[in-house]
Structures are given as structure tokens and as C-alpha cells.
Amino acid sequence: MAKKDKETVKEDKNGTSDISKSKAKREQRKKEVAREKQRRRTAKIIGGVAAAAVGQNVYLSSMRTTPSDDFSAGLTADGRIEGVNVGDALTLVDYANIVIPADEVRATDEEVEGDINATLQSHREASTDETLEIKDGDTVNIDYVGTIDGVAFEGGDSNGAGYDLTIGSGSFIDDFEQQLIGHSPGEELTVEATFPENYRNDDTVAGKDASFAVTINSITVTPEFTDEFVAKNFSEEGFSTAEAYRASVEDRFYEQHLEDYLADYIIENSTVKSYPSDYLKQLRAITKYNDESMLASYNQMFSSYGMTAYENLWDMMGEDINDELSYEKDLRERAKETAKTAMVYQAIYEDAGLTIDLDAAIAELSETYGEEYMADMRATQGDGYLAQAQIQEAVMDYL
């Protein structure tokens, strides 16, 4: 290596060369420039995120729906959408030539049997018939007095009030319930059972053997579906035989399937050309009001059970609705669905030349639900909203 010139390389009093000092300054400057670039990049990113957040808040603010309980807003007194010619606003389905496959609307055996079984269950009665024997799954009414080492213990006595127990439910300790199987109303027996070691952290009974003096009061019996059962319970509805009642159940399911099929068909096969914007806005407001009412109802129910309530509207919606923005978008879709339904029914109503008598309809509903209830409905929902419902009912009857 060539020998360095004295003038080129000078040492300071600490032994550091001028070249080392210069290099150090350059390195320091590079670091400062790099830090400044990083700072600017970070500021740009943060600024972009902040701008996006501000932009979303502004967007949300413009989208946010104000709830309203004015159900008849945007409707005329006779139930039509104000200022809209629905015939021009959509392409209406050919409602006069709908072909319905019989299998789509016929009642199924499962539906009919399920309905009849539910009816039988609702007419179950406690029986003291001493020829009956308790089976697994039966509901029985018993009285009992429990003792441990001959001494009564707290909570071990029904006090003659009677207790309904379903055999096999596991409501009582050990094999208490199974020991009742085969016994009959009116019998008295002793049931031996052992409390679990950790029973309710109660040292007075936990892990101990107990004796229960049990009296069987009754067995709940499900009636059989017979002519006698039908005549006894449904003669006022005009039924005296099981066959007639079964036929009425089949007809009820048929009517419901028919109505559901027709409702789906006329909506799915009609096309909206243009939505009435003012009516859509009002439908969003009403829908949000209904959502908020449901939220309040849920939270009141949850709190009564000590459960955690929903914090906001979208918490109680589906998985795809997880924030306010997605909720507002869903609100718009639901409003469109409601608007389309109203437009299709109104178009058929007008095209078919149908009419309604709102006063007569309210009078009929008052007989069913009471005049006070219907007066309140009319005051809170308005004639327009009630008339719109009657339009839809008239169309369905017509179809």
C-alpha cells in the first residue's frame, strides 16, 4: 500500500483522522435523511388512514337513516303509494295465468301429524286412574318428604303442594325418578337416593344417603285422537269426527302453502323498472324503527334473565352485518323488497279493478281483537297503512 501523505492525513489530539470525521458526518447525514423519509412516509400513511376514516364517517353520516314510526307516510288514505303510477314503474307478472304444481301446495303427512300431535299435547290431563303405571318419559305429580338419618332436611319436602316431575329428566338426584317406574296413582312408596358429593356446595346433604316418603298423586295422560276426543273439544268449531278434523288440518296447510306460493310467484316474476325514492326513504325509516323496537324488546328480555344485551342494531343481525355501514346497506335492500311487494300488490289491485272497505274491515277486526285495540292500531299506524294491508289481502283473495 502507498504511504499516505502527511498533509492528506492529519491526526487530531484524540487520534482521530480528518477522513474519519468526514465519514462520520456523512453517515450521520444519511441517517437523518432516512429518518426524514420514513417520517414522511408514516405521515402519509397515517394521513391516508385518517382521511379514509373521516371519509367513511362523512359517508355514514349521509347514509344514516333516521327512524320513524309514521307508518302511513308516503301513502294515500286508501293505501296507495303517493305520486306513483305503479303500472309504469314495473313490469307486472301475468297473474291471471299462474299454473301451480299440486305437490307444491299439498299438505304433507308430517305437517298434519305434527299439528294433531301438538293439539293432543295441549289437551293432556292429570289422571288418578289407579290402573295406569308410570313409564319412562311420563310426567307425574308427586308429594315427598325427605329425611337423612331420620331427620328432615331443608328443601326435602314438597309440603303437600304437589310437584310435576318428568321421568328421565334428571331433575332429581341419583336414580330417584327410575324408582317410580311401574307404580300407579294413589301409591305410597319409599325412594332411597344418594346426594352427589358436591351437591350445591351444601355440606348438610352432599354425599349423604336420603330416604323419601313419596305419594304418587297422578300421571299426565295424552288423549287419543278419536271421534270422542274431537266431539268433546271441537264441536263448537263444527267438528264431530277425527276424519273431519284431520281434513280441516290438511285444508289449513293447503291454504297456507297456496298463499305462500302465490305471494312468492307474483313478486319473483315481476320486475321493478324504477323505485319511488321518497317512499324508499320512508320505508327505511320505518324498518329501522321496527328494528330498534325489536332491539329494545330483546334487551329487556335478556336483562330480566341476567344476560348480556345487544349493544347496537347490527349485533342482532346476521353474520354479514357487522357494523353500521353494512347495516345501512342491508336496510336499503330490505326497503327495496318491501317497496317491490307493495308496488306489485297495488298494480294487481288496480289492474283487476278490486276495491276495499276499510271501515268494514276495521269493524270485523274489532270483533276479533277488540275495539280498543283496533282504535289504538288506527291511531298509531294510520288509515293508509291499514288500507295497504287490506289491498294486499284483497289481491290474495282474488288470486
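Anyway, here's the lowdown on the structure attached to this text. Everything numeric here is computed off the predicted structure, so don't read it as measured data.

## With respect to the packing of aromatic side chains
- Applying the stated criterion across every chain yields a total of 22 aromatic pairs.
- Measuring from centroid to centroid gives 5.2 Å for Tyr163 and Phe172, while their planes differ by 45 degrees, and the two rings are tilted.
- A relative accessible area of 16% places Phe172 in the buried class.
- Relative to Tyr245, the ring of Phe234 has its centre 4.7 Å away and its plane inclined at 35 degrees; by these criteria the two rings are tilted. With a gap of 11 residues between them, Phe234 in helix H5 (residues 227–234) and Tyr245 in helix H6 (residues 242–268) connect regions that are remote in the sequence.

## Quick notes on the nonpolar core
- Counting residues in hydrophobic clusters, the biggest one holds 32 residues, and the most contacted among them are Ile266, Tyr279, Met343 and Tyr345.
- Mapped by element, the contributors of at least two residues to this core are helix H2 (86–89), H6, helix H7 (277–304), helix H8 (324–351) and helix H10 (371–398).
- Per element, the largest residue contribution to this core is 9 residues, and it comes from H8.
- Apart from the residues within four sequence positions on either side, Met343 is in contact with Ile81, Val86, Ala89, Leu90, Val272, Ser274, Tyr275 and Pro276.
- Counting 24 residues, the second largest nonpolar core, distinct from the first, contains Ile134, Leu189, Val191 and Phe212.

## With respect to the side chain of Lys340
- Inspection of the secondary structure puts Lys340 in helix H8.
- No salt bridge forms around the buried Lys340; measuring N to O, its nearest opposite-charge neighbour Glu268 is 8.5 Å away.
- Once you skip the residues sitting within four places of it in the chain, Lys340 turns out to touch Ile267, Ser270, Val272 and Tyr275.

## Remarks on the pairing of strand E4 (residues 151–157)
- Sheet analysis places strand E3 (residues 139–148) next to E4, joined by 3 bridges and oriented antiparallel. The residue bridging Thr147 from the neighbouring strand is Ala152, located in E4.
- Taking the residues between adjacent antiparallel strands as the criterion, E3 and E4 are bridged by 2 residues, where Asp149 takes a positive phi near 55 degrees.

## Quick word on H7
- The terminal C-alpha atoms of H7 lie 41 Å apart, and with 28 residues this matches the ideal 40 Å at 1.5 Å per residue to within 8%.
- One or two positions beyond H7, positive phi appears at Gly306, with a value near 70 degrees.

## As for unusual backbone geometry
- Of note in the backbone geometry, Asp149 takes a positive phi value of approximately 55 degrees without being a glycine.
- Considering the arrangement of structural elements, one finds Asp149 in the loop between E3 and E4.
- Residue Asp149 is classed as exposed on the basis of its relative accessible area, which comes to 77%.
- Even without a glycine there, the phi angle at Asn159 is positive, about 55 degrees.
- As for its position among the elements, Asn159 is in the loop between E4 and strand E5 (163–166).
- In this structure Asn159 comes out as exposed when scored by relative accessible area, which is 65%.

Rules used throughout
- Residues numbered from 1 in each chain as written.
- Predicted model: local features only at pLDDT ≥ 70, side-chain atom pairs only at ≥ 80, totals over all residues.
- Heavy atoms only, no water.
- Phe/Tyr/Trp six-rings, centres within 6.5 Å; stacked < 30°, edge-to-face > 60°.
- Buried < 20%, exposed > 50% of the residue type's maximum accessible area, 1.4 Å probe, protein only.
- Helix = DSSP H or I, 4+ residues; strand = E, 2+ residues; numbered from the N terminus.
- Core = buried A, V, L, I, M, F, W, Y, C linked by side-chain atoms within 4.5 Å.
- Contact = heavy atoms within 4.5 Å.
- Lys, Arg positive; Asp, Glu negative; His and termini not counted.
- Salt bridge = Lys/Arg side-chain N within 4 Å of Asp/Glu carboxyl O.
- Pairing = 2+ DSSP bridges.
- Expected span 1.5 Å × (residues − 1).

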